[in-house]
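Here's the letter readout for the chains.
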Amino acid sequence: MDAKDAAMAAKRYFEDTKSIRKFIFETVSVKRDSGNWIIICLVQDLFDNDGKKFKIIANNDGEIMDVEMVD
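Cut-offs applied
Each chain has its residues counted from 1, running along the sequence as written. Given that this is a predicted model, residues contribute local features only at a pLDDT of at least 70 and side-chain atom pairs are listed and counted only at 80 or more, while totals for whole chains, interfaces and linings are drawn from all residues. Only hydrogens and water are removed before side-chain values are computed, so all heavy atoms of the structure are retained for them. Helix and strand definitions follow DSSP, with helices as H or I runs of at least four residues and strands as E runs of at least two, each counted in order from the N terminus. Residues are treated as being in contact if the distance between any of their heavy atoms lies within 4.5 Å. Pairing of aromatic rings covers Phe, Tyr and the six-membered ring of Trp, with a centre-to-centre limit of 6.5 Å; geometry is then stacked below 30 degrees between planes, edge-to-face above 60, and tilted otherwise. Relative accessibility decides the category of a residue: with a 1.4 Å probe and only protein chains considered, values under 20% of the type maximum give buried, values over 50% give exposed, and everything between is partly exposed. Two strands are counted as paired when DSSP detects at least two bridges linking them. Helix axes are fitted to C-alpha atoms over the stretch in contact, other axes to C-alpha atoms as well, and angles between N-to-C directions run from 0 to 180 degrees. To estimate how far a helix should extend, the number of its residues minus one is multiplied by 1.5 Å. This arc corresponds to the set of directions leading from the helix axis out to the C-beta atoms.

Asker: How would you summarise the environment of Gly62 if you had to cite specific residues and measurements?
Answerer: Relative to the helices and strands, Gly62 resides in the loop between strand S3 (52-58) and strand S4 (64-70). Spatially, the C-alpha atom of Gly62 lies 8.7 Å from that of Met8, the residues being 54 residues apart in sequence. Setting aside residues no more than four positions away along its own chain, Gly62 makes contact with Met1 and Ala9.

Asker: Requested: an account of the packing of aromatic side chains, with residues and values cited.
Answerer: Inspection of the entire model under this criterion finds three aromatic pairs. Aromatic pair Tyr13 and Phe14: ring centres 5.1 Å apart, planes at 80 degrees, arrangement edge-to-face. Judged by relative accessible area, Tyr13 falls into the partly exposed class, the value being 22%. Between Phe14 and Phe54 the ring centres are 4.9 Å apart and the planes differ by 55 degrees, which places this aromatic pair in the tilted class. In this pair, Phe14 sits in helix H1 (residues 3-17) while Phe54 sits in strand S3, placing the two residues 40 residues apart along the sequence. Judged by relative accessible area, Phe14 falls into the buried class, the value being 1%.

Asker: Tell me about the pairing of S3, and please be specific about residues and values.
Answerer: On a regular strand, each side chain points to the face opposite its neighbour's, so the side chains alternate between the two faces of the sheet. The sheet contact formed by strand S2 (residues 36-45) and S3 spans seven bridges and is antiparallel. Bridged to Ile40 within S3 is Lys55. Sheet topology note: the S3/S4 ladder contains six bridges and is antiparallel. Note that in S4 the partner of Phe54 across the bridge is Met69. Between S3 and the antiparallel strand that follows it, S4, lie five residues; Gly62 among them carries a positive phi value of about 90 degrees.

Asker: Lay out the sheet that holds S2 in plain terms, naming residues and giving numbers.
Answerer: The sheet built from four strands is open, its strands ordered S1-S2-S3-S4 with antiparallel pairing. What marks the edges here is a single partner per strand, and that holds for strand S1 (23-33) and S4. Averaged over all pairs of adjacent strands, the angle between strand axes in this sheet comes to 20 degrees, irrespective of strand direction. This element, H1, spans S1, S2, S3 and S4 of the sheet and lies at about 135 degrees to S1.

Asker: Tell me about H1, residues and numbers included.
Answerer: Over its 15 residues, H1 extends 21 Å from the first C-alpha to the last, a length consistent with the 21 Å expected when each residue adds 1.5 Å. The complete set of buried residues in H1 reads Ala6, Ala7, Ala9, Ala10 and Phe14. Within H1, the buried residues cover an arc of 155 degrees as seen down the axis, which keeps them to one side. Opposite its buried face, H1 presents the exposed residues Lys4 and Asp16, each directed more than 90 degrees away. Looking at the buried side of H1, the elements it contacts are S1, S2, S3 and S4.

Written out as structure tokens, the structure is:
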């Protein structure tokens, strides 16, 4: 898995688990840390002016380990 795959896993997480049907997903950063991927992203509903920033931890298989909203 590379950084692009990690970002795609994070996007799929929101597509699969959030009730938002149409949203903008923007990757802010992706880095490796202790064998896991740390993805910082911005998720914004198309009908909302304010996006929300998230920190997502994914393992090397693309499994989401933790999701945290960041202020």
